[in-house]
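Okay, here's what each chain looks like letter by letter:
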Amino acid sequence: PMPTDESKSEAKDESKSEEEVDVVKAVGQFFYENASFGATFESFVSSNCHIIDDAEIESTGLMKVEYTALYERYQALFESSIEDFLASIGRTAGEFAEALERGAEDDPEGEEAIFAQIITATADFDIFMQMMREAARERKREEERKDAS
């Protein structure tokens, strides 16, 4: 029997779905396992945590305008790193976002949904500030240890 147009389009949908899974898996591997990707952000944090005045934030609850600019630089670095990786595998940010969203909708408790939450959290200002404040506190503790010795 000849395949009908309907069965051809079903096969096409299945292969697209495999491609979508592949792009999400590839970005996941890059995100979790690529040492230079992680090092890029560790370097950003350690190079910029001196800008954060944790004691002032603690006492006033206010965030300086500089923190927003710092966050925007972090965001741009994060997005360009992911986009550069996607380009290196012949994919776009739009394809990745679509595949991630579809995967999360298909299984709200699945790996892709969790990965989507992690990616979203990575891009969240409050989480960024928690990370930067912790780095600033650690830097201050290190300086105090050096001064004490």
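Residues numbered from 1 in each chain as written. Predicted model: local features only at pLDDT ≥ 70, side-chain atom pairs only at ≥ 80, totals over all residues. Heavy atoms only, no water.

Overview of the overall build of the protein
Then comes step 1: When you go through the protein residue by residue, the secondary structure sums to 7 helices and 0 strands.
Then comes step 2: Along the protein, helices (α) and strands (β) appear in the sequence α-α-α-α-α-α-α when read from the amino end.
Then comes step 3: Counting over 149 residues, the protein shows a buried share of 30%.
Then comes step 4: Of all intrachain contacts in the protein linking residues separated by at least 6 positions in sequence, the fraction that spans at least 24 positions is 75%.
Then comes step 5: Here the protein displays about 9900 Å² of accessible surface, and carbon together with sulfur accounts for 52% of that area. (Helix = DSSP H or I, 4+ residues; strand = E, 2+ residues; numbered from the N terminus. Buried < 20%, exposed > 50% of the residue type's maximum accessible area, 1.4 Å probe, protein only. Contact = heavy atoms within 4.5 Å. Areas by Shrake-Rupley, 256 points an atom, 1.4 Å probe, with all protein chains shown as cover.)

Observations regarding the pattern of salt bridges
Then comes step 1: By the definition in use, this model includes 11 salt bridges.
Then comes step 2: For Arg91, the salt bridge identified is with Glu95, shortest N-O distance 3.2 Å.
Then comes step 3: Note that Arg145 and Glu138 form a salt bridge whose closest N and O atoms lie 3.3 Å from each other.
Then comes step 4: Taking the relative accessible area as the measure of exposure, Glu138 reaches 29% and is therefore partly exposed.
Then comes step 5: A single salt-bridge network, built from bridges that share partners, covers Asp54, Glu58, Arg133, Glu134, Arg137, Glu138, Arg141 and Arg145. (Salt bridge = Lys/Arg side-chain N within 4 Å of Asp/Glu carboxyl O.)

A few points about helix α7 (residues 125-148)
Then comes step 1: Given a rise of 1.5 Å per residue, 24 residues ought to cover 34 Å, and the 34 Å separating the end C-alpha atoms of α7 matches this to within 8%.
Then comes step 2: Listed as buried for α7 are Phe128, Met129, Met132, Arg133, Ala135 and Ala136.
Then comes step 3: Where α7 is buried, its residues touch α2 (35-48), α3 (54-60) and α4 (65-88).
Then comes step 4: In this structure Asp124 caps α7, since a side-chain oxygen of it lies 3.0 Å from the backbone nitrogen of Asp126. (Expected span 1.5 Å × (residues − 1). Polar contact = N/O pair within 3.5 Å; in protein donor to acceptor, adjacent residues only side chain to side chain.)

Some points on a negative patch on the surface
Then comes step 1: Together, Glu101, Glu105, Asp106, Asp107 and Glu109 line one region of the surface with negative charge.
Then comes step 2: Tracing the backbone through its elements, the reader meets Asp107 in the loop between α5 (93-106) and α6 (111-122). (Patch = residues over 30% accessible without salt bridge, like charges linked within 9 Å, V, L, I, M, F, W, Y side chains within 5 Å. Lys, Arg positive; Asp, Glu negative; His and termini not counted. Charge placed at Lys NZ, Arg CZ, Asp CG, Glu CD.)

Describing the side chain of Asn48
Then comes step 1: When you line up the elements, Asn48 lands in helix α2.
Then comes step 2: Judged by relative accessible area, which is 8%, Asn48 ranks as buried.
Then comes step 3: When neighbours within four sequence positions are excluded, Asn48 is seen to be in contact with Leu70, Arg73 and Met132.

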